[in-house]
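Listed below, chain by chain, are the residues.
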Amino acid sequence: MVAAAVLLVIGAVTQVAASGLRQPNVAVVFGVLIALGELVRMVMPGNREVAPIATAGAIGYALLAGVGPRGAPKDAPFGGVPATHSAFQVVAVTAVAALLGSLPHLAVGRPPRPDAVARRVISVGVVALCFRPLLGLHLGWRMLLVVMVLAAALACAVDLGLAALIRAEAVRARFGIAIRDEFTAKAGLCAATAATAMLIAVATTALGPVALAVFTAPILVTQFAFRRYAGIRATYLQTVRALSRVTEVGGYVERDHSRRVAKLAVAMGRGLGMSEGELLELEYAALMHDIGQLSLGDPIPGGATVLAAPGQQRRIAELGAGVIEQTGVLDGVARIVRLSSDPYRAPAAPPSDGRVETDGQLPPGPPLASRIIKVANAYDDLVGDSTDRDRGAAVLERLRLDSAVEYDPSVVEALSRVVDRRPRT
């Protein structure tokens with residue numbers, strides 16, 4: 001994808017150099033907006049690099065039908081002087097402006113992610129190549145608005161699709177899960193960016209370049225809100241990680257036990273098709289699953305709760321869930337921790353009238369996140385930080401033998417796949 005973006009930019013710059021820059025004043029104004037947008041780009045939860053102001057400016061330039069009312073022909077769309085720049089000029093201006101906007105970041109050692117920049121360039125290029133040729137058909141303003149809406153929707157679809165491909169490859173997730181996560185995380189911002197791009201294009205055609213400053217304000221406010229949300233979420237995760245280390249500092253569990261369990265659990269959950277929101281709750285619960293051990297008078301040897309009696313395991317989980325509930329905002333995490341000591345399938349209790357059930361139905365087990373933590377915790381309790389693959393294989397076999405009732409077989413197999421992907425030593 002990066003190579004495709006580079007080739008597209010090289011071709012666009014070559015074409016513009018050969019044919020000349022059309023309406024350079026307009027190109028400079030939009031280029032400045034795109035550069036400023038790249039300068040204030042941000043990272044959303046999930047390590048998603050976005051530049052909504054730059055993207056809105058670039059798509060707005062791609063959708064631009066004209067500039068200002070002065071000297072415009074009477075039949076010009078929205079009353080503006082027709083914009084004569086080509087789709088290749090849109091790509092060239094976007095790429096050059098993005099590079100200029102990234103220079104301050106490069107100077108302080110924060111280079112942009114190549115895949116994120118390539119995704120933005122390709123999305124803008126697709127919209128420009130589809131929309132700019134249609135201006136030669138002299139469509140009426142109503143039809144032109146419809147085409148703009150379709151082009152803006154296409155920009156969102158291309159961006160989300162490319163982002164999902166990148167994420168699926170990066171975190172080893174299924175594409176269907178990745179596209180769902182990207183839509184959930186970025187659909188609102190994508191819609192705001194596309195709407196702002198259309199406003200910029202229409203307003204600039206009707207009012208001139210001065211409209212850029214007015215109609216960029218809404219996306220700036222939206223970006224500020226998303227930045228605050230990302231900061232709050234990062235603070236939550238840092239707080240949970242710090243809280244999970246209390247059991248290690250107190251000597252109740254081995255060093256980095258909670259971190260290893262969380263890493264295993266998230267990898268297993270991703271392999272089992274959990275969404276990003278579910279994975280975040282799973283990570284919180286895995287980090288804090290042993291916090292109930294703080295109530296024990298005598299620590300369990302090695303902190304291995306898998307070796308404790310079932311009653312003690314339930315007590316630890318219940319106490320840990322009670323601590324988490326005190327936060328007032330992590331009730332779902334508390335429920336996961338509370339049920340993480342329950343067996344996958346418990347034998348059905350006999351009816352109160354003494355009759356024997358014959359349908360073979362078992363009561364429903366704990367939620368998937370709880371089952372994942374139970375398996376990940378048992379594995380790390382018995383393996384620890386050892387990299388001995390024979391030891392890991394022996395523990396996996398032990399978990400499989402107990403998977404009829406104690407552990408979910410599908411979760412154990414997910415753990416096996418995660419362990420197999422680890423580098424051999």
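- An unreviewed UniProt entry lists the protein chain under the name HD domain-containing protein, with Actinomadura harenae given as the organism.

Remarks on the overall build of the protein chain
At step 1: A count of helices and strands for the protein chain gives 17 helices and 4 strands.
At step 2: What you see for the protein chain is a C-alpha radius of gyration of 28 Å, clearly larger than the 22 Å of a compact globule of 425 residues, by over 25%.
At step 3: Along the first, second and third principal axes, the C-alpha atoms of the protein chain reach 90 × 55 × 40 Å.
At step 4: For the protein chain, buried positions account for 47% of its 425 residues.

A few points about the nonpolar core
At step 1: If you look at the biggest cluster of nonpolar residues, it comprises 46 residues, and the most contacted ones within it are Met-268, Leu-282, Val-333, Val-375, Tyr-379, Leu-399 and Leu-415.
At step 2: If you list the elements that add at least two residues to this core, you get helix H9 (217-244), helix H11 (257-271), helix H12 (276-287), helix H13 (310-325), helix H14 (331-338), helix H15 (368-383), helix H16 (389-401) and helix H17 (409-420).
At step 3: Here this core takes 9 residues from H15, the largest share from any one element.
At step 4: Filtering out sequence-adjacent residues up to four positions away, Val-375 remains in contact with Met-268, Leu-399, Tyr-407, Val-411, Val-412 and Leu-415.

Digging into empty space enclosed by the protein
At step 1: Applying the stated rule across the entire model yields 3 cavities of 30 Å³ or more.
At step 2: The calculated volume of the largest cavity comes to roughly 200 Å³.
At step 3: Taken together, 17 residues line the largest cavity, and the ones lying closest to its centre are Thr-55, Asp-159, Lys-186, Cys-190 and Thr-193.
At step 4: Among the elements that make up the lining of the largest cavity, the one with the highest residue count is helix H7 (residues 175-207) (5 residues).
At step 5: When grouped by side-chain class, the residues that make up the lining of the largest cavity number 10 nonpolar, 3 polar and 4 charged.
At step 6: Volume-wise, the second largest cavity comes out at about 70 Å³.

Focus: the packing of helix H2 (residues 24-39) against helix H4 (residues 87-107)
In helix packing, the relevant descriptors are the interaxial angle and the interaxial distance, both defined with respect to the helix axes.
At step 1: At their nearest, the axes of H2 and H4 sit 7 Å apart, and the two run at 40 degrees to each other. Classified by the angle between their axes, H2 and H4 sit oblique to one another. Like other packed secondary-structure pairs, H2 and H4 cross with a definite hand, here right-handed. In this structure, H2 contributes Ala-27, Gly-31, Ile-34, Ala-35, Glu-38 and Leu-39 to the contact, and H4 contributes Gln-89, Val-93, Thr-94, Ala-97, Ala-98, Gly-101, Ser-102, Pro-104 and His-105.
At step 2: The residue inventory of the contact of H2 with H4, partitioned by class, reads 8 nonpolar, 6 polar and 1 charged.

Examining the domain arrangement of the protein chain
Interfaces are often sized by the amount of accessible area the parts lose when they come together.
At step 1: For the protein chain, the domain assignment lists domain 1 (1-232) and domain 2 (252-347 + 364-421).
At step 2: Between the C-alpha centres of domain 1 and domain 2 there is a distance of 44 Å.
At step 3: Facing the 11 residues of domain 1 at the interface are 8 residues of domain 2.
At step 4: Three residues stand out in domain 1 for area buried against domain 2, namely Arg-172, Arg-174 and Asp-181, and they jointly supply 47% of the buried area on that side.
At step 5: For the interface between domain 1 and domain 2, the tally reads 2 salt bridges.
At step 6: Linking Glu-276 and Arg-48 is a salt bridge whose minimum nitrogen-to-oxygen distance equals 2.4 Å.
At step 7: Counting across the interface, domain 1 meets domain 2 through 3 residue pairs in polar contact (both at pLDDT 80 or more).
At step 8: Of all the elements in the fold, those that place two or more residues in the side of domain 1 that touches domain 2 are helix H6 (141-171) and H7.
At step 9: Broken down by element, the residue count for the side of domain 1 that touches domain 2 peaks at 3 residues, all from H7.
At step 10: Looking at the side of domain 1 that touches domain 2 residue by residue, the classes come out as 4 nonpolar, 1 polar and 6 charged.

Thoughts on unusual backbone geometry
At step 1: Non-glycine residue Gln-23 carries a positive phi angle of around 45 degrees.
At step 2: Along the chain, Gln-23 falls in the loop between helix H1 (2-19) and H2.
At step 3: A positive phi angle, close to 65 degrees, is found at Asp-256, a residue other than glycine.

Scoring rules and cut-offs
Residues numbered from 1 in each chain as written. Predicted model: local features only at pLDDT ≥ 70, side-chain atom pairs only at ≥ 80, totals over all residues. Heavy atoms only, no water. Helix = DSSP H or I, 4+ residues; strand = E, 2+ residues; numbered from the N terminus. Rg over C-alpha atoms; globule rule 2.2 N^0.38 Å. Buried < 20%, exposed > 50% of the residue type's maximum accessible area, 1.4 Å probe, protein only. Core = buried A, V, L, I, M, F, W, Y, C linked by side-chain atoms within 4.5 Å. Contact = heavy atoms within 4.5 Å. 1 Å grid on protein atoms, 1.4 Å probe; cavity = no way out; pocket = protein on both sides within 12 Å on 5 of 7 lines; lining within 4 Å. Points joined across faces, edges and corners; volume = space filled by probe spheres on them. Nonpolar A, V, L, I, M, F, W, Y, C, P; charged D, E, K, R; others polar. Axes fitted to C-alpha atoms, helices over the stretch in contact; angles between N-to-C directions. Parallel < 35°, antiparallel > 145°, perpendicular 65-115°, else oblique. Left-handed = near helix turned anticlockwise from the far one by under 90°. Domains from an automatic or database assignment. Buried area = accessible area lost by both parts, 1.4 Å probe. Salt bridge = Lys/Arg side-chain N within 4 Å of Asp/Glu carboxyl O. Polar contact = N/O pair within 3.5 Å; in protein donor to acceptor, adjacent residues only side chain to side chain.

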